[in-house]
Amino acid sequence: MRRHPEEVEAMDLPDCDPVLLNRTYAQFPLVNRAVGGWKRIYARQIAPVLARGEPARLLDIGCGGGDIALQLARWALRDGYELDVRGIDPDERAIAFARRAAMKSPLPAGKIEFARCTSADLVRGGEVFDVVISNPLLHHLGETQLRGILADTQALATGLGLHADIRRSRRASLLFGAATLPLAGTSLIRRDGLASIRRSYIPMELVRRVPAGWQVHTAKPFRNLLVYRPVRA
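The following paragraphs examine the structure supplied in this document. (Residues numbered from 1 in each chain as written. Predicted model: local features only at pLDDT ≥ 70, side-chain atom pairs only at ≥ 80, totals over all residues. Heavy atoms only, no water.)

### Side note on the pattern of salt bridges
Note the threshold: Only one rule defines a salt bridge in this text: a Lys or Arg side-chain nitrogen within 4 Å of an Asp or Glu carboxyl oxygen. Counting from the N terminus, the helices are the DSSP runs of H or I reaching at least four residues and the strands are the DSSP runs of E reaching at least two.
One pass over the full model with this rule turns up 13 salt bridges. Among the salt bridges present, the one from Glu 127 reaches Arg 57, with a minimum N-O distance of 3.0 Å. One end of the pair, Glu 127, is in the loop between helix H5 (119–124) and strand E4 (129–134); the other, Arg 57, is in strand E1 (residues 56–61), with 70 residues separating them in the sequence. Linking Glu 127 and Arg 86 is a salt bridge whose minimum nitrogen-to-oxygen distance equals 2.9 Å. Here Arg 86 lies in strand E2 (residues 83–88) and Glu 127 lies in the loop between H5 and E4, a separation of 41 residues in the sequence. The structure contains a network of salt bridges with shared partners spanning Arg 57, Arg 86, Glu 113 and Glu 127.

Structure (structure tokens):
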């Protein structure tokens, strides 16, 4: 299945229908629970970093509607970890939705925040985080932007950098298209999701693009994981 990086997703357009966009953000938790695999990622990758016993900070780059950041904060609180979570996105529409979602969350005050900025802004500000993540972000980026995000992650992450993205395949496209058929017309989930699959990478394409220090893994269902573990002094 050939990659189609030239495709444009409707939710990335500045004149995107605001009603459909907000419905898309609202449906992301359903989709991410079904195919995101974040419960496994949290248990196997993130929790061991938090288990070091020190207060920790986690950054979600390109957080969208904020559901992954909120879920990770809830899991950490449940497990007794002291974790502060920040979600960032350059799109003010995403941040506005995420902040509304955070207000409805039972999380204690100060445990999660959302800000309109980029990872490069945080690097310039000298900030660091124990864990830096993203959820289907990489396929949205051009070659230069991808290199920039990976470099920013290396500058920001002191314990773990992890970018989860879609793994392109014809089977993924067929299954996602069938599963999201009931959502067609209610939001942008199906239309943009299929475009995301066509824009995403297969593992070998990522291997050729990542710098030294990064590992490319696959995960179910149809996921690529880019993992960076800084060398601890």
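Let us keep going from here.
### Thoughts on the sheet that holds E4
Our working rule: In short, DSSP must find at least two bridges between two strands for them to pair. The angle between two axes is taken between their N-to-C directions and runs from 0 to 180 degrees, where each axis is a line fitted to C-alpha atoms and a helix contributes only its stretch in contact.
The sheet built from seven strands is open, its strands ordered E3-E2-E1-E4-E5-E7-E6 with mixed pairing. Strand pairing shows two members of the sheet lacking a second neighbour, strand E3 (112–115) and strand E6 (214–219), which therefore form its edges. Geometrically, the sheet is characterised by an average inter-axis angle of 20° between neighbouring strands, direction not taken into account. Both E1 and E4 contribute to a ladder of three bridges, which runs parallel. When the sheet's bridge partners are listed, Leu 58 is paired in E4 with Val 131.

By themselves, these are just geometric observations and shouldn't be taken as functional.
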